[in-house]
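Fold and contact review
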Amino acid sequence: MRGMAAQAKEKIEVVHRACQQISPIYPDYATRPVQDGFSWSSSLLGCAFERLYLVVFRSVRRPSADLDLLREHDDRAYEKALESGGLLRYFKGEANERGECLSFCLWETRRQAIEAAGAASHQAAAEISVLMYESYVLERYWLKKVVSARGERLIFESIQPA
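So, here's what we can say about the structure.

All right, on to the overall build of the chain then. Summing up its helical and strand segments, the chain has seven helices and five strands in all. Over its C-alpha trace the chain gives a radius of gyration of 17 Å, about what one expects of a compact globule, namely 15 Å for 162 residues. Projected onto its principal axes, the C-alpha coordinates of the chain cover approximately 50 × 35 × 30 Å. Here the chain, with 162 residues, has 36% of them falling under the buried criterion. Considering only contacts in the chain between residues 6 or more positions apart, those separated by 24 or more positions represent 65%. When the accessible surface of the chain is split by element, carbon and sulfur atoms take 52% of a total near 9,900 Å². Counting 22 positive and 22 negative side-chain charges, the chain places the centres of these two groups 6 Å from one another.

Phe38, Trp40, Leu44, Leu54 and Phe104 are the most contacted members of the largest nonpolar core, which has 24 residues in total. Listing elements by their share of this core, those giving two or more residues are α1 (2-19), α3 (40-44), β1 (51-61), β2 (87-91), β3 (100-107), β4 (133-148) and β5 (151-159). Contact partners of Phe38, with chain neighbours within four places excluded, come to Ile22, Ser23, Pro24, Ile25, Tyr29, Phe91, Leu102 and Phe104.

By the definition in use, this model includes 14 aromatic pairs. Aromatic side chains Tyr29 and Phe91 sit 5.5 Å apart centroid to centroid with 80° between the ring planes, which places their arrangement in the edge-to-face category. Taken together, the positions of Tyr29 in the loop between α1 and α2 (34-37) and Phe91 in strand β2 put the pair 62 residues apart, joining distant regions of the chain. Owing to a relative accessible area of 9%, Tyr29 belongs among the buried residues under this scheme. Seen from their ring centres, Tyr141 and Phe156 are 6.2 Å apart, and the 85° between their planes marks the pair as edge-to-face. Separated by 15 residues along the polypeptide, Tyr141 in strand β4 and Phe156 in strand β5 bring together distant segments of the chain. Assessed through its relative accessible area of 11%, Tyr141 is described here as buried. Ring pairing ties together the aromatic residues Tyr29, Phe38, Trp40, Phe91, Phe104, Tyr141 and Phe156, which thus form one cluster. One residue, Lys145, lies across the ring of Phe49, its end atom 5.3 Å from the ring centre.

The rules we used
Throughout this description, residue numbers start from 1 for each chain and increase along the sequence as written. In view of the model being predicted, local features appear only for residues whose pLDDT reaches at least 70, and side-chain atom pairs are presented and counted only at 80 or more, with totals across whole chains, interfaces and linings using the full set of residues. The basis for every side-chain value is the complete set of non-hydrogen atoms in the structure, without hydrogens or water. A run of H or I in DSSP becomes a helix once it reaches four residues, and a run of E becomes a strand once it reaches two; helices and strands are each numbered from the N terminus. We compute the radius of gyration from the C-alpha atoms alone; for a globule the expected value is 2.2 Å times N to the 0.38, where N is the number of residues. Accessible area is worked out with a 1.4 Å probe on protein chains only. A residue is then buried under 20% of its type maximum, exposed over 50%, and partly exposed in between. Contact between two residues is taken to exist if any of their heavy atoms lie within 4.5 Å; hydrogens are not considered. To measure how exposed things are, a 1.4 Å probe is used in the Shrake-Rupley method; for residues, cover is taken only from the protein chains shown. Here Asp and Glu are counted as negative and Lys and Arg as positive; His is not counted, and neither are the chain ends. By convention, the charge on Lys lies at NZ, on Arg at CZ, on Asp at CG and on Glu at CD. Remark: nonpolar core denotes a set of buried residues (Ala, Val, Leu, Ile, Met, Phe, Trp, Tyr, Cys) joined through side-chain atoms within 4.5 Å. The criterion for an aromatic pair is that two Phe, Tyr or Trp rings (for Trp, the six-membered ring) have centres within 6.5 Å, with stacked assigned to planes under 30 degrees apart, edge-to-face to planes over 60 apart and tilted to the rest. Two conditions define a charge located above a ring, namely a distance within 6 Å from the ring centre to NZ of Lys or CZ of Arg, and an angle within 35 degrees of the ring normal.

Keep in mind these values describe shape, not function.
Take a look at the structure:
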């Protein structure tokens, strides 16, 4: 049994390392569908997973946004998310000239993401959103890997809010 646990840990460590390679492939990634703007396939194909949980935060920053305060809240929420476990990749986007930004968190499981979102640091970051953003939207996806005779491919399955 210990051997299986070690194998599972090794598999998730490989996925975690691969996730660190996910990066934008276009300068206008913030305005593209998330599956089109990043190096998902080249980073994740070959990794052993069935599905991962992806939360995308699209926003338009207010010109008056306090970037230091925003960074402070974001950093605290990120720290707590790391402590909670399961976070595979946090991509912190940069706002473009129109204030549009895309950031995302990729998780091992939905349960881990929900637990992290309930932390006080994440709640505090969410509370300042109305002051910092003209608009924002959360997108949620199952990132699934499908293996067939033709090879592997990734599917982004949109999850509608409950």
